[in-house]
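Here is what each chain is made of, one letter per residue.
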Amino acid sequence: MEVTIKINGQALSVEVSVEVYECLDRAKHKSENLSHEKRRHWDIREFDEYIVVAEGRTPHQETLEEYVCRRETLDELLSVLESCTEAQRRRFLLYALDGFTYEQIARLDGCSKYALRDSVEAARKKFQDFFKYRPHETPFSG
């Protein structure tokens, strides 16, 4: 779906997923509801604090920019993972994500612990190189 965003007074059309569109739509409706409620209190009565707390602040929701950056980073990480051989990828994921030990993975794969360690370390090195040589990132860009 296409959404138009105003940045510094300029309209920018962006293609977004249905989830992002729905999130933006809900935020727009909440903003309109709050605006209507404020208009009801035009006679300078004290603004209902409950409305400010309940409608004025929403829990942190990812901005469009954060979503796009997160997706780009995920795609980059998946491309690093795809650059590994099938054995390296499988062994690295079992070790890093599933928490298997070298011994357990070696038994599953029918190889030695040393061959397994070499596979995991090769995959780890590719990820380290990815983070070390990212041209668009600085060491302090949290």
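This text goes with the structure placed above it.
Notes on the structure follow. Computed from a predicted model, the values in this text were never measured in an experiment. (Residues numbered from 1 in each chain as written. Predicted model: local features only at pLDDT ≥ 70, side-chain atom pairs only at ≥ 80, totals over all residues. Heavy atoms only, no water.)

## Observations regarding the pattern of salt bridges
Then step 1. Taken as a whole and judged by the stated rule, the model has eight salt bridges.
Then step 2. A salt bridge links Arg 70 to Glu 62; the shortest N-O distance between them is 2.7 Å.
Then step 3. The shortest N-O distance in the salt bridge between Lys 113 and Glu 103 comes to 3.5 Å. With Lys 113 in helix H6 (residues 113-132) and Glu 103 in helix H5 (residues 102-109), the pair connects residues that are 10 residues apart, well separated along the chain.
Then step 4. The network of salt bridges with shared partners includes Arg 90, Arg 91 and Asp 109. (Salt bridge = Lys/Arg side-chain N within 4 Å of Asp/Glu carboxyl O. Helix = DSSP H or I, 4+ residues; strand = E, 2+ residues; numbered from the N terminus.)

## Re a nonpolar patch on the surface
Then step 1. Residues Met 1, Val 18 and Tyr 21 make up a contiguous nonpolar surface patch of about 260 Å² in total accessible area.
Then step 2. With respect to the helices, strands and loops of the structure, Tyr 21 is situated in helix H1 (residues 18-40).
Then step 3. For Tyr 21, a relative accessible area of 33% puts it in the partly exposed group. (Patch = residues over 30% accessible without salt bridge, like charges linked within 9 Å, V, L, I, M, F, W, Y side chains within 5 Å. Areas by Shrake-Rupley, 256 points an atom, 1.4 Å probe, with all protein chains shown as cover. Buried < 20%, exposed > 50% of the residue type's maximum accessible area, 1.4 Å probe, protein only.)

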